[in-house]
Amino acid sequence: MTRAGRIGERTLVHATGWIIGVGLFLLPVFYLVLVSLRSETGFLGHPFAFPRMPHFMNYVSAWEQASMTSYFLNSIIYAVGGTVLSLLVSAFLAFPIARGYIRGAKVIYQVFVFSMFLPGGLIPLFVESQALHLYNNQLGYIILNVGTGLSVFFFVGYIKSIPKELDEAAAIDGCGYSRYVLRILLPLMSPALATMGLLSFIGEWNNLIGPIVFLPNPQYWPLTRGLFAFYGQFSNNWPLLAAGLIITILPLTILFLFLQRYLVAGVTGGSLKL
């Protein structure tokens, strides 16, 4: 076989694999969109049929029936607050560990790495939330969901790629620790912050177990918990539930499209010194 033939064969194999992978990913999303445009009786009669007349009002009904205005605002508060707090705490922890400015930095780093393989510890968190009066309130829920294991691991590798001479120059100029991290280090870590911020935001936005355990008051429910409004004792309204799911995942899709290039840059940059 000629070289051109081998290149064409590899191209065909890669294109086929890409089409199959994309198809497997998009097929459930495509079916979810179809279900969201069906009537309840039409879906129960023919679950896999195309809608003859799309019911776009399902999205309006889902928004109103699930009280998504308040749930949407709660999700934004939890996702943005938890993400910002996680990034700040992780950056302040990762900087001295990466530079070795504290004793036992390697041991502390290994502890953070080991923590990524441990379960969330739901029962200890539940006891802690009640002892510290963090149970059933928005601020407490944000604090309880601050995660630093993966972020510290990622930030340590990224900070090692930043010249240490920058720390010494800032110290000579009288720049304090907090000011240096906030005004100098964090802007240099923007790709890493975007990467971990996106991952943290997705985790906070999609969190379902946390609201069930720590937020019994419906006034504090996020979107994921509000979707239970479409579940009944004897039947479920699947088209409205599908419309609610589309509404829930739409902000994440838009956010990912805007931060995609930062995600790639952060991963490649942080992997240099891991």
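All values reported here derive from a predicted model rather than from experimental measurement.

Cut-offs used in this document
Residues numbered from 1 in each chain as written. Predicted model: local features only at pLDDT ≥ 70, side-chain atom pairs only at ≥ 80, totals over all residues. Heavy atoms only, no water. Core = buried A, V, L, I, M, F, W, Y, C linked by side-chain atoms within 4.5 Å. Buried < 20%, exposed > 50% of the residue type's maximum accessible area, 1.4 Å probe, protein only. Helix = DSSP H or I, 4+ residues; strand = E, 2+ residues; numbered from the N terminus. Contact = heavy atoms within 4.5 Å. Patch = residues over 30% accessible without salt bridge, like charges linked within 9 Å, V, L, I, M, F, W, Y side chains within 5 Å. Areas by Shrake-Rupley, 256 points an atom, 1.4 Å probe, with all protein chains shown as cover. Salt bridge = Lys/Arg side-chain N within 4 Å of Asp/Glu carboxyl O. Phe/Tyr/Trp six-rings, centres within 6.5 Å; stacked < 30°, edge-to-face > 60°. Lys NZ or Arg CZ within 6 Å of the ring centre and 35° of its normal. Arc of directions from axis to C-beta.

Participant: An account of the nonpolar core is needed here, citing residue identities and associated values.
Facilitator: Membership of the largest hydrophobic core comes to 26 residues, with the highest contact counts inside it found for Phe155, Val156, Ile159, Leu185 and Met189. When contributions to this core are tallied by element, the ones reaching two or more residues are α4 (68-99), α5 (105-115), α8 (149-159), α10 (177-188) and α11 (190-205). Excluding its chain neighbours within four sequence positions, the residues that come into contact with isoleucine 159 are Ala94, Phe95, Ala98, Arg99, Leu185 and Met189. Of all hydrophobic cores here, the second largest spans 23 residues; its members include Ala79, Trp205, Phe214 and Leu223.

Participant: Describe unusual backbone geometry, naming the residues involved and giving the relevant values.
Facilitator: Backbone geometry at histidine 133 places phi at a positive 60°, although glycine is not the residue there. Along the chain, histidine 133 turns up in the loop between α6 (122-131) and α7 (138-144). Of note in the backbone geometry, asparagine 136 takes a positive phi value of approximately 60° without being a glycine. Looking at where asparagine 136 falls in the secondary structure, it is placed in the loop between α6 and α7. For asparagine 136, a relative accessible area of 24% gives the class partly exposed.

Participant: Could you give an account of a nonpolar patch on the surface, with specific residues and numbers?
Facilitator: A surface patch of nonpolar side chains, about 720 Å² in accessible area, is lined by Leu44, Leu122, Leu208, Ile209, Ile212, Phe228, Tyr231 and Trp238. Within the fold, leucine 44 resides in helix α2 (residues 40-45).

Participant: I'd like a description of the packing of aromatic side chains, backed by residues and values.
Facilitator: Using the criterion set out here, one finds 13 aromatic pairs in the structure. Ring centres of phenylalanine 95 and tyrosine 180 lie 5.5 Å apart, and the angle between their planes is 45°; on these two criteria the pair is classed as tilted. Remark: tyrosine 180 occurs in helix α10 and phenylalanine 95 occurs in helix α4; sequence separation between them is 85 residues. Since its relative accessible area comes to 4%, phenylalanine 95 is described here as buried. Residue classification places tyrosine 180 among the buried positions, given a relative accessible area of 4%. Ring pairs connect the aromatic residues Phe92, Phe95, Tyr101, Tyr177 and Tyr180, which therefore count as one cluster. The ring of tryptophan 221 has arginine 225 lying over it, and the distance from NZ or CZ to the ring centre is 4.0 Å.

Participant: Tell me about α5, and name the residues and values.
Facilitator: The complete set of buried residues in α5 reads Ala105, Tyr109, Phe112 and Val113. In an axial view of α5, the angular spread of the buried residues amounts to 100°, which keeps them on one side of the axis. The outward face of α5, more than 90 degrees from its buried face, is lined by the exposed residues Val107, Val111 and Phe114.

As far as function goes, none of this settles anything; it's purely spatial.
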